[in-house]
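# Summary of the model geometry
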Amino acid sequence: MEEAFMKRTANCGELRAKDEGKEVILNGWVHRDRNHGALHFINLRDRYGMTQVVVDDDADAELVKRASELKLEYCIAVKGKVRKRPESMVNKEMPTGEIEVKAEKIEILSPSDTLPFMIEDETNAKEDLRLKYRFLDLRSKGMQDRIRLRHEFIKAIRQFFYKTDFYEIETPTLIRSTPEGARDFLVPSRIYPGKFFALPQSPQLYKQLLMVSGFDKYFQIARCYRDEDPRGDRQLEFTQLDLEMSFVTREDILDLMEKLFREVFKKVVNVELPEHFKRLSYHDAMNTYGSDKPDLRFSLEIKDGLPLVDITSFQILKDIKEKNGAVKFLVAPKKEGFDYTRKYLAELEESAKIYGASALYFMKAEDGKLQGGISKFFEGKNDEVLSITGAKTGDVILVIAHENWKKACNSMGAVRSKLGADLNLIKKGFEFCWIIDFPLFEYNEDEGHWEAAHHMFSMPQSEYIETLEEDPGRVKGDLYDLVLNGYEVASGSIRIHDVELQKRIFRICNIPDDMAEERFGFLLNAFRFSPPPHGGIAPGIDRICMIIADQSSIKEVIAYPKNTAAMSPMDESPAEVEQKQLDELSIMIKPKKDEA
RNA sequence: GUGGGAGUAGCGAAGCUGGUUAUCGCGCUGGCCUGUCACGCCGGAGAUCGCGGGUUCAAGUCCCGUCUCUCACGCCA
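If you're wondering where the values come from, they're calculated on a predicted model, not measured in any experiment.

## Some words on the overall build of chain A
- Looking only at helices and strands, chain A has 17 helices and 22 strands in total.
- A total of 596 residues make up chain A; the buried ones form 49% of that total.
- The long-range fraction of contacts in chain A, counting pairs at least 24 apart against all pairs at least 6 apart in sequence, stands at 68%.
- Within the structure as shown, chain A displays about 31200 Å² of accessible surface, and the carbon and sulfur contribution to it stands at 50%.
- Distance from the positive charge centre (87 side chains) to the negative charge centre (103 side chains) of chain A: 3 Å.

Next comes the structure, spelled out in structure tokens:
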């Protein structure tokens, strides 16, 4: 019996000089096609690589004709013999560059329309077009590499956990709301007309129940859904490694994560991470780097500007200090070939204003003197300013003042980030750090009440527990974030496991007991039956892969395009969809007559 | 929700202060080519300049409206 098509005996990435003389069949796509008249070269591509196929000058008429029919991205089968390329024709750029396959027969398995954009390592087609033709975009080497990276990353995570006594457990996805603070995606229920399921924002409640059940250690590669505006580093639908452990302290969890990332980064990108990651308190991170997710690939530090206020005649700074606000300064370093022009300083100010600063003040240090900007407010105090700031000739002292400490920090943080990028200060590599001692509550001005800064199930640090209600703003939580190159990549905490404490937290967050009972009753109920002390953390797989893939967008490292992941939303109302789906299903189930 | 940017051939772009045939590269197409590998060379087709309106002798270019995309903020960790 003749085969349906010439099925491959080798892939396009594996043939080498040692395979010389082998008769092979390759299957793949026509990546490039170079026709020289009597000689014809075809780069045949599959996910394993690329192999050059030659239609030589001794080819018979049929082979020549078939080869001339080929166009880009035709899916073909080639039968031929592996041969070494002539010495001077070896392509060192290609892993298979020492050989080529001399075609004896070509079969077109499937032709292709003219492409909407070229399949290149990195295409410059616009995002929406690439997403419309996602299947073509994913044929490119750049995209295949990203998807492979993601695969390797998840594989390495699983390998790590399979050596431990963690259980991998899946939690439900048609659930009642998990309160992470974002909007829920809702799914109408057919069985309970008019009612809805929520898709999980995280497996939070369920993993806590698993701890109450005594599973002790659990992990899951979990899909999560949050109905908020997407960004380059944030999707509606995303994947995280979710884990929870019983009878542990914060140190156990941080330690586990450091071990995990050391092993995984070694395996996946062959990078040695330090044994322990730097730690910064939330306050130190904000004060020093102007961000709770600082990029430590460059050191540029923000300093407290209050000492400057004591020696200035600048009333605006004095007023801010009077009101207990924050004054921050940053010394922008001199750099050869880079001028702090008026225009550039205005750009820096713009980036500060986005985060609420009303102005970015500056003065230049030149030969032991201050020049320009606000220097006139430091008449006769040049030496003091230079000694406080440490500024040297060519440096620029940047100052931000704001009544609101957080806004002052964030604004200067934006300036720091821009300087880091523009002055090329950012080193290659991976800088992890822990941010710890987060405040447990934040005041929501719009709603007029306190709310959980992270989520409502995180433990306050023990010294605050008795006096929680007195001033929620000063309560630090047993919360920890893992930050990589300026992105938050994991977030975790030690959980509350006590009904009364949980209810107090709910009350502070303006959730009265009856509402708490209604929404989280099943968790509160579980807490009545000897829940163990426990805690966990959830690293975002998409974002870490994005950073490893050199900060391509998350759209590029996950398998689904934007909006609701796989597709843009449907127009029909749920009821219409349901009927339509049933109709389609019944057509599919009925066998066609001629097939039966 | 707010603000910035963009929409010109299948794709990516150019088109300065309005001026008569809208340019370039890739792709497509016809031909030539025995060693290419982003092959090369010669020719060709392909665009009511997002859409609607306005100003003007004249609009891709200026104005108003509108849609779409995109980035930042808000929101969200």
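## A short note on the pairing of strand 1 (residues 23-36)
- Of the strand pairs in this sheet, strand 1 and strand 4 (residues 75-84) are connected by seven bridges, and their pairing is antiparallel. Bridged to Glu-23 within strand 4 is Lys-81.
- Where strand 1 hands over to strand 2 (residues 39-46), the hairpin turn is made up of two residues, of which Gly-37 adopts a positive phi near 80°.

## Looking at the environment of Glu-127
- Here Glu-127 shows up in helix 2 (residues 127-132).
- In the structure, Glu-127 is positioned 372 residues away from Val-499 in sequence and 49 Å away in space, judged by C-alpha atoms.
- The contact partners of Glu-127, leaving out residues within four places of it in the chain, are Ser-553 and Lys-555.

## A look at the domain arrangement of chain A
- Structurally, chain A comprises domain 1 (17-110), domain 2 (144-173 + 202-270 + 433-563) and domain 3 (298-426).
- On a C-alpha basis, the centres of domain 1 and domain 3 stand 62 Å from each other.

## Some remarks on the sheet that holds strand 4
- Judged by pairing direction, the barrel is mixed, and its five strands sit side by side in the order 1-2-3-5-4 before closing back on the first. Pairwise comparison of adjacent strand axes, ignoring direction, gives a mean angle of 55° for this sheet.

## Topic: the confidence of the model for chain A
- On average, residues of chain A score 88 in pLDDT, and 93% of them reach the 70 mark or higher.
- Across residues 586-596 the pLDDT falls below 50, and counting only partners more than four positions away or on other chains, this stretch makes zero contacts in the model.
- Interface scoring of the predicted complex returns ipTM 0.90; its pTM is 0.89.

## Thoughts on the pairing of strand 22 (residues 534-539)
- Within strand 22, six of the six residues are buried, which leaves it mostly tucked inside the rest of the structure.
- Neither face of strand 22 is open: one carries His-534, Gly-536 and Ala-538, the other Gly-535, Ile-537 and Pro-539, and all of them are buried.
- As defined by bridge partners, strand 10 (residues 237-246) adjoins strand 22 across four bridges and the pair is classed as antiparallel. Within the sheet, the bridge partner assigned to Ser-246 lies in strand 22 and is His-534.
- Relative to strand 22, strand 21 (residues 487-494) runs antiparallel, the two being bridged by five bridges. Following the sheet pairing, Ile-494 is matched in strand 22 by Gly-535.

## Side note on the side chain of Arg-85
- Tracing the backbone through its elements, the reader meets Arg-85 in the loop between strand 4 and strand 5 (99-110).
- One buried charged residue, Arg-85, forms no salt bridge at all, with the nearest opposite charge on Glu-100 at 4.2 Å.
- Excluding its chain neighbours within four sequence positions, the residues that come into contact with Arg-85 are Gln-52, Val-90, Asn-91, Met-94, Thr-96, Gly-97, Glu-98, Ile-99 and Glu-100.

## Focus on the packing of aromatic side chains
- Scanning the entire structure with this criterion turns up 26 aromatic pairs.
- Look at Tyr-282 and Phe-438: their rings are 5.2 Å apart centre to centre, the planes differ by 40°, and that puts the pair in the tilted class. With Tyr-282 in helix 7 (residues 282-289) and Phe-438 in the loop between strand 17 (432-436) and strand 18 (441-444), this residue pair connects regions lying 156 residues apart in the sequence. Like Phe-438, Tyr-282 is buried.

## Topic: the sheet that holds strand 12 (residues 302-304)
- With respect to topology, five strands assemble into an open sheet ordered 12-13-16-14-15, the strand pairing being antiparallel. If you trace the sheet from one side to the other, it starts and ends with strand 12 and strand 15 (369-371), each paired once. Averaged over all neighbouring strand pairs, the angle between strand axes comes to 30°, with direction disregarded.
- As paired elements, strand 14 (residues 361-366) and strand 16 (residues 396-402) share four bridges and run antiparallel to each other. Residue Lys-364 lies in a different strand from strand 16, and its bridge partner there is Val-396.

## Thoughts on a negative patch on the surface
- Taken together, the side chains of Glu-445, Asp-446, Glu-447 and Glu-451 define an acidic patch exposed on the protein surface.
- Note that Asp-446 resides in the loop between strand 18 and strand 19 (449-452).

## A short note on the pattern of salt bridges
- Tallied over the entire structure, the rule returns 49 salt bridges.
- Glu-251 is the salt-bridge partner of Arg-279, the closest N and O atoms lying 2.7 Å from each other. Of this pair, Arg-279 sits in strand 11 (residues 278-281) while Glu-251 sits in helix 6 (residues 250-269); the two residues are 28 residues apart in sequence, bridging distant segments of the chain.

## Section: the packing of helix 4 (residues 141-162) against helix 6
- As a packed pair, helix 4 and helix 6 sit with axes 9 Å apart at the nearest point and diverge in direction by 135°. Here helix 4 lies oblique to helix 6, going by the angle between them. Both helix 4 and helix 6 take part in a crossing whose hand is right-handed. Here helix 4 contributes Leu-149, Glu-152, Phe-153, Ala-156, Ile-157, Gln-159, Phe-160 and Phe-161 to the contact with helix 6, which in turn contributes Leu-256, Lys-259, Leu-260, Phe-261, Glu-263, Val-264, Phe-265, Lys-267 and Val-268.
- Residues belonging to the contact of helix 4 with helix 6 are distributed by class as follows: twelve nonpolar, one polar and four charged.

## Describing the packing of helix 4 against helix 15 (residues 541-548)
- One way to put it is that helix 4 packs onto helix 15 with a least axis distance of 10 Å and a crossing angle of 125°. With respect to helix 15, the axis of helix 4 lies oblique. Pair helix 4 / helix 15 crosses with right-handed handedness. Judged by residue contacts, Leu-149, Arg-150, Phe-153, Ile-154 and Ile-157 of helix 4 engage Ile-541, Asp-542, Ile-544, Cys-545 and Ile-548 from helix 15.
- Grouping the amino acids of the contact of helix 4 with helix 15 by side-chain chemistry returns eight nonpolar, no polar and two charged.

So, how was this worked out
- Residues numbered from 1 in each chain as written.
- Chains lettered and ligands numbered in written order.
- Predicted model: local features only at pLDDT ≥ 70, side-chain atom pairs only at ≥ 80, totals over all residues.
- Heavy atoms only, no water.
- Helix = DSSP H or I, 4+ residues; strand = E, 2+ residues; numbered from the N terminus.
- Buried < 20%, exposed > 50% of the residue type's maximum accessible area, 1.4 Å probe, protein only.
- Contact = heavy atoms within 4.5 Å.
- Areas by Shrake-Rupley, 256 points an atom, 1.4 Å probe, with all protein chains shown as cover.
- Lys, Arg positive; Asp, Glu negative; His and termini not counted.
- Charge placed at Lys NZ, Arg CZ, Asp CG, Glu CD.
- Pairing = 2+ DSSP bridges.
- Domains from an automatic or database assignment.
- Axes fitted to C-alpha atoms, helices over the stretch in contact; angles between N-to-C directions.
- pLDDT = per-residue confidence, 0-100.
- Salt bridge = Lys/Arg side-chain N within 4 Å of Asp/Glu carboxyl O.
- Phe/Tyr/Trp six-rings, centres within 6.5 Å; stacked < 30°, edge-to-face > 60°.
- Patch = residues over 30% accessible without salt bridge, like charges linked within 9 Å, V, L, I, M, F, W, Y side chains within 5 Å.
- Parallel < 35°, antiparallel > 145°, perpendicular 65-115°, else oblique.
- Left-handed = near helix turned anticlockwise from the far one by under 90°.
- Nonpolar A, V, L, I, M, F, W, Y, C, P; charged D, E, K, R; others polar.

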